[in-house]
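Spelled out, the chains give:
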Amino acid sequence: MERRDFFRLGLATGVGAIALAKDGRALEYYPVESDKKCAVIFGTWCGSSRDAAIWISEGMGGIADVFDARENPDPAPFDHIVIGGSIRSGVTPSELQGYITKNKTSLKTKIRGLFAVCGNGERPVGPQQKTAYIDNHLARLCENGNVPSKVFNGRITKALLDPQTRKRMEDSYPSIAGKPLENYDLLKRADCLAFGEEVLASIQA
Ligand SMILES: Cc1cc2nc3c(=O)[nH]c(=O)nc-3n(C[C@H](O)[C@H](O)[C@H](O)COP(=O)(O)O)c2cc1C
């Protein structure tokens, strides 16, 4: 398969996400050819789940297409799908939830991994977040929880929040985290790569 230039497709600029949605093109970047047809599908507001999805794909050896759920990718061509998204007020973006619900029948037997990206007041995530965001949310939506899963700590870039959301976060954050809201970045590429490797191993098993 022809190697596509990730930057040419423009996702790295953020602006490209809109163009991609219009064109219906996926983020295709294949360092390694494979007979496995894999996709990672994400829902995000400010991009942390987009980056997690790309790094999970890299952990899978770069064999997975990466889609924003807003691109409405057809699950039919894929055999193995990882799906996940960022958390606001305890749930993933409505666009991701709607996409899963709409495609549930097709997705159900193809889900090979679930992930979520959350803030957790900058505290390390644990079993509580797995229960809340994987077991009680994504696994229920997908009607398939018997797959590798991971909750990642995410990030906040205040400049990317719309003014109302930013004010709401700045007002409530001290009671959540015990300190004022500042930019933070706790999403670790190594953790996403490791999860991608775990998913790949489960597909190959
Ligand atoms: C308005 C808002 C609500 C949030 N709600 C939660 C939440 O309920 N639980 C949580 O752990 N993190 C919460 N977070 C933190 C985000 O999950 C975290 O910053 C994530 O990395 C953002 O993903 P994004 O880059 O796709 O926007 C919230 C963040 C914002 C801005």
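Structural notes, computed from the coordinates. (Residues numbered from 1 in each chain as written. Predicted model: local features only at pLDDT ≥ 70, side-chain atom pairs only at ≥ 80, totals over all residues. Heavy atoms only, no water.)

**Quick word on the overall build of the protein**
For the record, the criterion: Labels follow the DSSP assignment, with helices taken as runs of H or I lasting at least four residues and strands as runs of E lasting at least two, numbered in each case from the N terminus. Partly exposed residues are those whose accessible area sits between 20% and 50% of the maximum for their type, while under 20% is buried and over 50% is exposed, using a 1.4 Å probe and protein chains only. Note on contacts: a residue pair qualifies if any of its non-hydrogen atoms lie within 4.5 Å across the two residues. All accessibility values rest on the Shrake-Rupley procedure with a 1.4 Å probe; residue burial counts only the protein chains present in the view.
Within the protein one finds 8 helices and 7 strands. Each of the 205 residues in the protein was classed as buried or not, and the buried ones make up 46%. By sequence separation, contacts in the protein at least 24 residues apart represent 79% of the contacts at least 6 residues apart. When the accessible surface of the protein is split by element, carbon and sulfur atoms take 50% of a total near 10,300 Å².

**With respect to the pairing of strand S4 (residues 111-118)**
Note the cut-off: When DSSP locates at least two bridges between a pair of strands, those strands are taken to pair. Clockwise travel from the first strand over the helix to the second, with the strands pointing away from the viewer, marks a crossover as right-handed.
Here S4 lies mainly inside the structure; 7 of its 8 residues are buried. The pairing of strand S3 (residues 80-86) with S4 spans 6 bridges and is parallel. The partner of Ile-83 across the bridge, within S4, is Leu-114. Across 5 bridges, the pairing between S4 and strand S5 (residues 149-153) is parallel. Counterpart to Val-117 in the pairing with S5 is Phe-152. In this fold, S4 hands off to helix H6 (residues 127-142), which returns the chain to S5; that crossover is right-handed.

**Here's the deal with the nonpolar core**
We count it as follows: Put simply, buried Ala, Val, Leu, Ile, Met, Phe, Trp, Tyr and Cys residues joined by side-chain atoms within 4.5 Å make one nonpolar core.
Judged by nonpolar contacts, the single largest core of 24 residues is most densely connected at Ile-41, Ile-83, Leu-96, Ile-100, Leu-107, Ile-111 and Leu-114. Looking at this core, the elements that each hand over two or more residues are strand S1 (38-43), S3, helix H4 (94-102), S4 and H6. Among the elements that make up this core, the one with the highest residue count is H6 (6 residues).

**A short note on H4**
Stated precisely, the cut-off is as follows: By arc we mean the arc of the directions from the helix axis to the C-beta atoms, nothing more.
Among the residues making up H4, those that are buried are Leu-96, Tyr-99 and Ile-100. In a view along the axis of H4, the buried residues occupy a sector of 95 degrees, so they form one face of it. Residues Ser-94 and Lys-102 are exposed on H4 and point more than 90 degrees away from its buried face.

**Examining helix H3 (residues 48-59)**
Residue pairs three or four apart in sequence face the same way in an α-helix, which turns once every 3.6 residues. The following threshold applies: A helix is expected to span 1.5 Å for every residue after the first.
Spanning 12 residues, H3 covers 16 Å between terminal C-alpha atoms, matching the ideal 16 Å at 1.5 Å per step. With respect to burial, H3 is a largely interior element, 9 of its 12 residues being buried. Looking at H3, one finds that the buried residues are Ser-48, Ser-49, Asp-51, Ala-52, Ala-53, Ile-54, Ile-56, Ser-57 and Gly-59. Just downstream of H3, Gly-61 is the residue with a positive phi angle, here 85 degrees.

**Observations regarding the pairing of S3**
Burial analysis of S3 places 7 of its 7 residues in the buried class, the great majority of the element. Two strands pair when backbone bridges link them, and S1 and S3 are joined in this way by 6 bridges, in the parallel orientation. Directly across from Phe-42, in S3, lies its bridge partner Gly-84.

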